[in-house]
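# Summary of the model geometry
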Amino acid sequence: MSSKKEGGDICFFINGKKVTESHADPETTLLSFLRERLRLTGTKYGCGGGGCGACTVMVSRYQPATKTIVHYSANSCLLPLCQLHGAAITTVEGIGSTKTRIHPVQERIAKAHGSQCGFCTPGMVMSMYTLLRNKPQPTMEDITQALAGNLCRCTGYRPIVDGCRTFCQEATCCRASGAANCCLNGDESTDEPEHEEPRLFDKEEFLPLDPTQELIFPPELILMAETGKPQTLTFRGERMSWVSPVSLEELVQLKTSNPKAPLVMGNTHVGPDIKFKGVVHPLIISPTRVLELFEVSQTPQGVWVGAGCSLAEVHSLLEKLVPQFPEEKTELFRALIQQLGNLGSQQIRNVASFGGNIMSAYPNSDLNPVLAAGNCKVSVISNGGRREVPLNQDFFVSFGKTSVKPEEIAVSVFIPFTRKGEFVRAFRQAPRKESSFATVTTGMRVFFPGGSRVVQDVSVYYGGVGPTTVSAAKTCAAIVTRPWDDETLSRAYDVLLDELVLPPSAPGGKVDFRRSLTLSFLFKFNLEVLQKLREMDVIAEELPERMQTQPLPREIQPGLQEFQHVPKDQSNQDPVGRPIMHRSAIVQTTGEAVYCDDLPRTDGELFLALVTSSRAHAKILALDVSEALQLPGVVDVITAKDIPGRKVRTLFGYDEELLAEAEVSCVGHMICAVVADTRTHAKRGAAAVKISYEDLPEPLFTVEDAIEKSSFFEPQRIIERGNVTEAFKTVDQVHEGQIRIGGQEHFYMETQSMLVVPVGEETEFNAYVSTQWPTLTQEVIAETLGIPSNRVTCHVKRMGGAFGGKVTKTAILAGITSVAAWKTNRAVRCVLERGEDMLITGGRHPVLGKYKVGFMNDGRIMAADIQYYANAGNAVDESPLVIEKILLHMDNTYNFPNLRGRAAACRTNMPSNTAFRGFGVPQSLMVVENMMNDVAVVLGRPADQIRELNMYRGPSVTPYKMEFSPENMLRCWEECKLKSDYSARRKAVDQFNLQNRWKKRGMAIIPIKYGIAFAESFLNQAAALVHIYTDGSVLVTHGGTEMGQGIHTKMQQVASRELHIPPAKIYISETSTNTVPNTCPSAASFGTDANGMAVKIACQTLYQRLEPIRKKDPKGSWESWTKAAFFEKISLSAVGYYRGPDLYMDWEKMEGQPYLYFVFGVCCCEVELDGLTGDYRTVRTDIVVDIGRSVNPSVDIGQIEGAFMQGLGLFTLEELKFSPSGLLYTRGPSQYKIPGVCDVPLRFNVYMLSDTHNPHAIYSSKGIGEPAIFLGSSVFYAIKDAAAAARSESGLVGPFSLDSPATPERACLACASPFTQKIPASKPGSFTPWALNI
Ligand SMILES: Cc1cc2nc3c(=O)[nH]c(=O)nc-3n(C[C@H](O)[C@H](O)[C@H](O)COP(=O)(O)OP(=O)(O)OC[C@H]3O[C@@H](n4cnc5c(N)ncnc54)[C@H](O)[C@@H]3O)c2cc1C
Ligand code: FES
Ligand code: FES
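For the structure on display, the rule yields 83 salt bridges. With a shortest N-O distance of 2.8 Å, Glu1119 and Lys1065 are connected by a salt bridge. With Glu1119 in helix H34 (residues 1118-1127) and Lys1065 in the loop between helix H31 (1047-1059) and strand S44 (1066-1067), this pair connects stretches of sequence that are 54 residues apart. Here Lys1065 falls in the partly exposed class, since its relative accessible area comes to 26%.

Next up, the structure:
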């Protein structure tokens, strides 16, 4: 760093240690400082934009004015290093470690099974830790608020919440500590259960929280704050300078001379702009030490709040003020409190400033509409003096611009008291309930003087319906001076509809939804105002209860997790079947767990950044790398010409180039890579590469485009059973329908990461890669470099999540990285940015499913003809296998006597899609279940009856002639109905719907039958290598990779049982191709089945070898036997090889045995849906799964819950948006919403079917990684059920179309409220929509 200090050092503390920094680069964040400079790698990089929480740390500061210390959580990826003067930072390493003591938060999250892959865990720990520092006995609401900004892709949050719940005072419920039957199960009985139910964890074991053990705030910082004379700090970096003034006067002077320089407070707006939009500010002014910006003062008219106050401070200030005044005076305060509670995440609110939010002028700012409606004003200062600027329509000039002049500084904001008869309300609707920018947000105020219902003043502002916060002035004019009644309001809706017009191709899309929300919010305001007028006796009519709208329920209650006991005669030492904690959970919670990018830099290491195509289909005319090569730190640019070996990968007869040479076929297609000394330099180099293109005609994006041009990857597949054509002639009714299922981004918390290190001799390479399939990575590196596989060793310690996305795409990236390592002869690291990862590596295939179904009036389905089109993208990848799996599951649990399914992988100019948990099955079943739903609706029967009627019964055979017994599936179905109290609740739902006009409940119960193992028989083999050392410690290596699914934990359990030693003596270090070669991918839910057998065989071999020694010395110990074995020359190392089942599928004959067995499950969900906004909450979920005898119930329940939540995301939340030219818009957590803690079902019960076994897999268990993902669809169908109830209010009956995901947008439009019906439909074809419907 070539930075130069011009005044003062930054002095701060990290984990109790003093850091003095005089050369801070203004572009350095605390996160990179921690990870790269201090090697504190526990704090993770997940997105870099404040959207995932993986980088959470605690910031503590001393406030001399109040002599108090404040602690708050913050995203270190947005905290500029230059801003840390005087702060004490605590990272996950600072609160506990395995070397000293672990902190109770770390212990409880680990022991409650809240850490799977562990990548999100340090962030979770720090959010919770900070909460406890401020409130040692938090409420559940505090916990869910604290965790709302922390994303986890693995666990489904329930175990994290349960671990944290143990700190709550109210955690006194009989089973809040993770056990089964409980008062909360609706079971009021207080009788003691006959026998103790097994628990997932035991709360009694936990260390107590002892606040006296925490790090103290450094006295030196207190002294510094009390006595030190603040001085201006100035820093210069490579591109930017930073000044931190200490007085308002100095600030004004600085701003006068540098009007374009931004004022950086929380850096939550400026930071992401620099990072993601490439904005460069030659000078940044940081006024965080200018005290005048933080002053608060009260006047008889209201309160002035310093513009520098954080949003969290404003929130607590207003909360403090509200009880001090009569209710009528604080209407505006309360509306702001409500918005502030929902804005961003806790970490964002803790740093983002009030003034920053206003001045950033986001079109969908949550505060500006309320501030404007509430007649607030901003006091600004410049060297011309002070002035007050009203926050009104004239304030918001254009996108991101206000009427405040560039040289002016906002000093404070005035929030007035309201008057008697004045009501203020705020509403917002967002893609996810929490930690998400709003789609539409609003502030509304009305004033009725002197007990009248005639409006004297009204003000309505919206965000999210244009480039600025907008005033609905005409609508207000239609209301003012009129009585607040139906006539006025119905005119107001019409005026509003004309006033706020969004063109059909408006940026952001969702045009009809956004327009309808503006109306719905005004309607909600109307209901609340009527209620108020009634309370004040201004009007006499009661608002019928049915018409009222209450907020959706939100408190997460303890759930149940039921699993089988181990047999009574099982030895206590034998861990199989017990809920053993993930073997790395503790080191994951302490931040000691090492992920690929945590590996220390090697000498001379380079970083690789990719250059990708900005065109969907074009010829590359020229590649100009000259400018990039001149930039500081850039070492080389790698193109296809540099590849010494194979430049392509061939799959199913299709070649895929590693780097495009002549032509690109999607936006995001990799073209070349820049290597440089640091990641920043590599990225700047990549941005400087110039490519000229010649567009090729007619890129294909949608499946419809591909069908029209017959653009498919061969082979296409068909399965037919019975005679479908004939059967259609004999049925009572025929129905045709279709459903479109959107794709899904893996969103593993750890992005694609790898480090390729040349050993230095004989073309030998070590590759440290986050991959599910080390052997494939090894092969691709070897082929690409043109060297034998024996020169490449691929090491995988663990992955921070994978979900199918770290197989083929990772291998290609590793191939490219290895070329750079080979060419430069230096170690090369490549870690994709979140946005790049999302752009380049594809995800789950979007599918269009069309069906024709023939059925009898009694509900029996006699014939079904289904056509699947999967959008495969520009390269074949594994798409032919995905469509095969789609067809092999299309019967789900139903015995359709005549069934035909066809599937095609469409070749388009989209990024190539790949494996994703479930591998096509969720899409396949979604189409079938939609068909079942339609049949039920056509017949006017409950959908569960139609499902039940058509289920397989007795000895059964699939459409591809595989025999199986559906008995356990039927047991799951019955048990799920029973456990969920289905019939009674169904009635209650119908009752609820009668009593509520605007909110509806819906229920659905959905079954699954999921085939386990690979139809490609060779992929079912596995091997393990087990070493016993002479001290008795055991090292197990096997072919499976650890991605959070707990395979190493289960392998440790297997080895423990077979060697008859405690798990603590067994260690698993990594998966590597030089220990266990020629492995298969950890995929298809088959990892434990295959590798477990291999480990078992190896351990049995060793145990038998030790038998003579044991016989000789029966009283000896494990250690004495192993030592003796060595002296007796008995090999203490063994390989276990498991051949795996011989499975096959003959596609010509349409028959086979592609699976070893089936996993069965049933899920019942109930949702509550707000028909006016499309917001919903999953009120309760009950899952019953047959997974045989679980090897580890906590791990398996974790897989079930995690997969369910991923399915909930797939089917109700996660939406990939592409521009009309094929560019992915949704390239980060701000735009792409995976489920958050706010999406956890309020009651989440999981039951493992009892008394079941599976003769086909290890210890009678079943694979469970993938199946439960489809169970998330029951939320979709419950939403559809609720929407059907809402539609019936509008007189709409019969089947209706609802595509997946059922986002609030789709759900709201499906409800067809009077407001959505007012929106005039735009003529298709008359405009270019903002986003493609792929
Ligand atoms: C992940 C994430 C989620 C978010 N979610 C929401 C949400 O749900 N709703 C919502 O409304 N917002 C949301 N935001 C936006 C956030 O509230 C704003 O970015 C924040 O309030 C800006 O404040 P800051 O102090 O961080 O601004 P900075 O980034 O420090 O500065 C922002 C801009 O404001 C100017 N500025 C700052 N202070 C002053 C001043 N005193 N006088 C003049 N100009 C000033 C700066 O010059 C700069 O141009 C989110 C942001 C992120 C990163
Ligand atoms: S890395 Fe900081 S919030 Fe995602
Ligand atoms: S455990 Fe949370 S992301 Fe993996």
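Still to come is the rest of the account.
In a regular helix each residue adds 1.5 Å, so 19 residues correspond to 27 Å; helix H32 (residues 1087-1105) covers 27 Å between its end C-alpha atoms and thus fits that length. When we look at burial in H32, the residues that qualify are Gly1087, Thr1088, Asp1089, Ala1090, Asn1091, Gly1092, Ala1094, Val1095, Lys1096, Ala1098, Cys1099 and Leu1102. Tucked into the core, H32 has its buried residues touching strand S41 (999-1012), strand S42 (1022-1028), strand S43 (1034-1038), H31, strand S46 (1133-1138) and strand S49 (1157-1170).

Glancing now at helix H17 (residues 511-535). Helix length check: H17, at 25 residues, gives a terminal C-alpha distance of 36 Å against a target of 36 Å (1.5 Å per residue), a fit within 8%. The buried fraction of H17 amounts to 20 of the 25 residues, a majority that puts the element mostly inside the structure. Positioned one or two residues after H17, Asp537 has a phi angle of 60°, which is positive.

Once that is clear, we can look at the pairing of strand S33 (residues 765-769). Within S33, four of the five residues are buried, which leaves the element mostly enclosed by the surrounding structure. Where strand S32 (residues 753-758) meets S33, five bridges bridge the pair, whose relative direction is antiparallel. Its bridge partner being in S33, Leu755 is matched across the sheet by Tyr768. The turn linking S32 back onto S33 is made up of six residues, and Gly760 within it adopts a positive phi angle of 115°. Inspection of the sheet shows S33 paired to strand S34 (residues 792-796) by four bridges, in the parallel sense. Each bridged residue has a counterpart across the sheet, and for Ala767 the counterpart in S34 is Cys794. Considered for its hand, the β-α-β crossover made up of S33, helix H23 (residues 774-785) and S34 is right-handed.

Around ligand 1 lies a shell of 29 residues, among which Met265, Gly266, Thr268, Ser353 and Asp366 are the nearest. Measuring from an oxygen atom of ligand 1, one finds a backbone N or O atom of Met265 at 2.6 Å. One nitrogen or oxygen atom from the main chain of Val270 is found 2.8 Å from an oxygen atom belonging to ligand 1. Across the complex, the protein chains shield 93% of the 980 Å² of accessible surface that ligand 1 would expose by itself.

Attention now goes to the nonpolar core. Residues Leu608, Leu610, Ile816, Tyr868, Val1034 and Phe1204 are the most contacted members of the largest nonpolar core, which totals 254 residues. Among all residues touching Val1034, those that are not within four sequence positions of it are Val1026, His1027, Ile1028, Leu1059, Ile1061, Lys1065, Ile1066, Tyr1067 and Trp1118.

Our next topic: the pairing of strand S28 (residues 670-676). Counting buried positions along S28 yields seven of seven residues, so the element is predominantly enclosed. Relative to S28, strand S22 (residues 606-612) is paired through six bridges, and the arrangement is antiparallel. Counted as the bridge partner of Leu608 is Val675 from S28. Pairing of strand S24 (residues 634-638) with S28 involves four bridges; the strand directions are antiparallel. Across the sheet, the residue bridging to Val634 is Ala676, located in S28.

What follows is about the packing of helix H10 (residues 311-321) against helix H11 (residues 331-342). Taken N-terminus to C-terminus, the directions of H10 and H11 make an angle of 145°; their axes are 9 Å apart at the nearest point. Handedness of the H10/H11 crossing: left-handed. Contact residues: Leu311, Val314, His315, Leu318, Glu319 and Leu321 in H10; Phe333, Leu336, Ile337, Leu340 and Gly341 in H11.

Let us look at the packing of aromatic side chains. Under the counting rule described, the total for this entry stands at 28 aromatic pairs. Note on Phe523 and Phe1315: the rings are 4.9 Å apart at their centroids and 45° apart in plane angle, and the pair reads as tilted. In this pair, Phe523 sits in helix H17 while Phe1315 sits in the segment after helix H37 (1304-1311), placing the two residues 792 residues apart along the sequence. The buried category is assigned to Phe523, whose relative accessible area is 9%. Looking at Phe1315, the relative accessible area reads 5%, which means it is buried. Through successive ring pairs, a cluster of aromatic residues spans Tyr952, Phe964, Tyr1155, Phe1158 and Phe1160. When the ring centre of Tyr1176 is taken as origin, the NZ or CZ atom of Lys433, which lies over that ring, is 4.8 Å away.

Calculation criteria
- Each residue is numbered by its place in its chain's sequence as written, counting from 1.
- The lettering of chains begins at A and the numbering of ligands begins at 1, in the order of writing.
- Where local features are concerned, this predicted model is filtered to residues with pLDDT of at least 70; where side-chain atom pairs are given and counted, the filter is 80 or more; whole-chain, interface and lining totals use all residues.
- Only hydrogens and water are set aside when side-chain values are computed; all heavy atoms of the structure are taken into account.
- The rule for a salt bridge is simple: a side-chain nitrogen of Lys or Arg has to be within 4 Å of a carboxyl oxygen of Asp or Glu.
- Put simply, DSSP H or I for four residues or longer makes a helix, DSSP E for two residues or longer makes a strand, and each gets a number counted from the N terminus.
- Think of it in three bands: residues with accessible area under 20% of the maximum for their type are buried, residues over 50% are exposed, and the middle band is partly exposed, with areas taken using a 1.4 Å probe on protein chains only.
- Expected span, for any helix, means 1.5 Å times one less than how many residues it has.
- Residue contacts are counted whenever heavy atoms from the two residues lie within 4.5 Å of one another.
- Any two strands with at least two DSSP bridges between them are considered paired.
- With its strands directed away from the observer, a crossover is right-handed exactly when the path from the first strand over the helix to the second travels clockwise.
- Here a residue is near a molecule or strand as soon as one of its heavy atoms is found within 4 Å of it.
- Under this definition, polar contacts are N or O atom pairs within 3.5 Å; protein pairs additionally need one hydrogen-donor-capable and one acceptor-capable atom, and for neighbouring residues in sequence, both atoms have to be side-chain atoms.
- Residue-level accessible areas treat just the shown protein chains as cover; the underlying method is Shrake-Rupley with a 1.4 Å probe.
- Side-chain atoms within 4.5 Å are what join buried Ala, Val, Leu, Ile, Met, Phe, Trp, Tyr and Cys residues into a set we call a nonpolar core.
- Axes here mean lines fitted to C-alpha atoms, for a helix over just the part in contact, with angles spanning 0 to 180 degrees between N-to-C directions.
- By convention the crossing between two helices is left-handed if the near helix lies anticlockwise of the far one by an angle smaller than a right angle, and right-handed if it lies clockwise.
- For Phe, Tyr and Trp, rings pair up if their centres lie within 6.5 Å, where Trp contributes its six-membered ring, and each pair is then called stacked (planes under 30 degrees apart), edge-to-face (over 60) or tilted (otherwise).
- Only when the NZ atom of a Lys or the CZ atom of an Arg is both within 6 Å of the ring centre and within 35 degrees of the ring normal do we say a charge sits over the ring.

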